[in-house]
Amino acid sequence: MSGQDLVSDQGLRVDGRRANELRQIRVRMGVFGQSDGSAYLEQGNTKVLAAVYGPHQPRGGGRGGNRSGTGIINCQYSMAVFSFSAGERKKRPRGDRKTQETSLQLRRAIEAIVQVELYPRSQIDVFVEVLQSDGSDYCAAVNAATLALIDAGIPIKDYSVGCTATIASMGASEEIDSKDETGSGTGIVDANHMEECTGATTLTVVALPGAPGCNYESDTDNSGLVVVAQGTGARLHLSRLEGLRQRALQGCRDTRVILDQAVRFHLTTHDPHFI
């Protein structure tokens, strides 16, 4: 498949979605009893498990421990050796350069929402494993980690939500639609593995959609605190960057609504006093 085939003249992608349509998101919280908090998330065929331990005393505490006034966030991102949908097997689940870089990016996304000042000389461990990979793996990992923090009862400032947006050649009808009457940007949102492999430009954004100054329920307010942003694939002209960013931010807002509904459902099911 080439970049030109990502969206048909009828405005449909290879999996039947519209340009601004997310994959189906399924969520389960509290799935791992040995951790303080956990979450399992399916975003299309991408499946991720996140577990949170802590807060606890930093490893090597005492003399070598954290002496600062805030807590430490430790994140580890890994991929199961059988995780690739295409049948590929990963030689090492963790420790390679890509997973180390993703772990650092995951830590930035988590540090942006955890109130570490409430946990002086403490450490919170966040472990995320991709069980099945079918595109937007890092974004799904951020979303699952956020849910696991909530399940662990750790105070957060807002949801840290990730979403991708991809620019590709479109059919005439979709080009008109994607230019968006609501100001939500251009490009396709929440790319799957096949769409990521076309060589098109993909922008990955992690944002706090409900941060001050951003009304995620508004179609016209495109502001939001962007925590992590990275691009891959072909080069992109600067004039198209803003439209792609708006599309990714709109995807973050839509994803936040879904995650918030899942959290509220979990709390009402497990805590009868929650309103």
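It should be noted that the structure appears before, not after, this text.
All of the points below concern the structure found in this document. (Residues numbered from 1 in each chain as written. Predicted model: local features only at pLDDT ≥ 70, side-chain atom pairs only at ≥ 80, totals over all residues. Heavy atoms only, no water.)

## Remarks on the overall build of the chain
Let me state the cut-off plainly: A helix here means a DSSP run of H or I that spans at least four residues, while a strand means a run of E at least two residues long, and both kinds are numbered starting from the N terminus. Throughout, a residue-residue contact means that at least one pair of heavy atoms, one from each residue, lies within 4.5 Å. The Shrake-Rupley method, run with a 1.4 Å probe, gives the accessible areas here. Residue values count only the displayed protein chains as cover.
Along the backbone of the chain there are five helices and nine strands. In the chain, the order of α-helices and β-strands from amino to carboxyl end is β-β-β-β-α-β-α-β-α-β-α-β-β-α. Pairs at least 24 apart in sequence give 74% of the contacts found in the chain among residues at least 6 apart. Just so you have it, the chain exposes about 13,300 Å², and 49% of that area is on carbon and sulfur atoms.

## Comments concerning helix α2 (residues 137-151)
Selection criterion: To estimate how far a helix should extend, the number of its residues minus one is multiplied by 1.5 Å. When accessible area is computed with a 1.4 Å probe and restricted to protein chains, residues below 20% of their type maximum are described as buried, those above 50% as exposed, and intermediate ones as partly exposed.
Over its 15 residues, α2 runs 21 Å from end to end, which matches the ideal 21 Å to within 8%, given 1.5 Å per residue. Buried residues dominate α2, accounting for 13 of its 15 residues. Directly after α2, the chain includes G153, whose backbone phi takes a positive value near 75°.

## Overview of the packing of α2 against helix α5 (residues 238-270)
The test is simple: Under this scheme, a helix contributes an axis fitted over its contacting stretch, all axes are lines through C-alpha atoms, and angles between N-to-C directions fall in the 0 to 180 degree range. Put simply, angles under 35 degrees are roughly parallel, angles over 145 are roughly antiparallel, angles from 65 to 115 are roughly perpendicular, and the rest are oblique. The sense of a crossing depends on the near helix, which, turned anticlockwise from the far helix by less than a right angle, makes the crossing left-handed and, turned clockwise, makes it right-handed. Gly is placed with the polar residues, together with every amino acid not listed as nonpolar (Ala, Val, Leu, Ile, Met, Phe, Trp, Tyr, Cys and Pro) or charged (Asp, Glu, Lys and Arg).
Running from amino to carboxyl end, α2 crosses α5 at an angle of 30°, the nearest separation of the two axes being 11 Å. The angle between α2 and α5 falls in the class roughly parallel. α2 and α5 meet at a crossing whose hand is right-handed. Mapping the contact onto sequence places N143, L147, I150 and D151 in α2 and T255, L259, V263 and H266 in α5. Each residue belonging to the contact of α2 with α5 can be placed in one class, and the counts come to four nonpolar, three polar and one charged.

## Focus: the sheet that holds strand β5 (residues 123-132)
What counts here: Here a strand pair is declared whenever DSSP counts at least two bridges between the two strands.
Strand order in this open sheet of five strands is β1-β2-β3-β5-β4, and the pairing throughout is mixed. One side of each edge strand has no neighbouring strand; the edge strands of this open sheet are β1 (25-29) and β4 (72-79). Each strand axis lies, on average, 15° off the axis of its neighbour in the sheet, ignoring direction. Sitting on the sheet, helix α1 (residues 97-111) touches β4 and β5, and the angle it makes with β4 is about 140°. Lying over the sheet, α2 contacts β1, β2 (37-43), β3 (46-56), β4 and β5, oriented at roughly 145° with respect to β2.

## What about the nonpolar core?
One broad trend across soluble globular proteins is that nonpolar side chains are buried collectively. Here is the rule we go by: To form a nonpolar core, buried Ala, Val, Leu, Ile, Met, Phe, Trp, Tyr and Cys residues must be joined to one another through side-chain atoms within 4.5 Å.
Counting 51 residues, the largest nonpolar core has L106, I110, V114, I124, V126, V128 and L149 as the members making the most contacts within it. No other element matches the nine residues that α2 contributes to this core. Setting aside residues no more than four positions away along its own chain, I110 makes contact with I73, C75, V126, A145 and L149.

## A short note on α1
Compared with the 21 Å implied by 1.5 Å per residue over 15 residues, the 21 Å span of α1 between its first and last C-alpha is a close match. What α1 keeps buried is the set T99, T102, S103, Q105, L106, A109 and I110. In this fold, the buried residues of α1 make contact with β4, β5, α2, β8 (201-208) and β9 (225-232).

## Quick look at the state of the cysteines
To be explicit about the condition: When the sulfur atoms of two cysteines come within 2.5 Å, that pair is taken as a disulfide.
Scanning the entire structure with this criterion turns up zero disulfides. Between C163, a free cysteine, and C252, which holds the nearest cysteine sulfur, the sulfur-to-sulfur gap is 5.3 Å. For C163, a relative accessible area of 1% translates into the label buried.

## As for the packing of α1 against α2
Look at α1 against α2: their axes get within 10 Å of each other, and the N-to-C directions meet at 45°. Comparing their axes, α2 and α1 come out oblique. Crossing hand, α1 versus α2: right-handed. Of α2, the residues touching α1 (which contributes T102, Q105, L106, A109 and I110) are Y138, A141, V142, A145 and L149. Residue composition of the contact of α1 with α2, grouped by class: eight nonpolar, two polar and no charged.

## Remarks on the side chain of S133
What counts here: Two N or O atoms form a polar contact when they lie within 3.5 Å of each other; inside protein one atom must be a possible hydrogen donor and the other a possible acceptor, and for residues adjacent in sequence the pair counts only when both atoms belong to side chains.
Relative to the elements of secondary structure, S133 occurs in the loop between β5 and α2. Only 2.6 Å separates the side chain of S133 from the side chain of D137, close enough to count as a polar contact.

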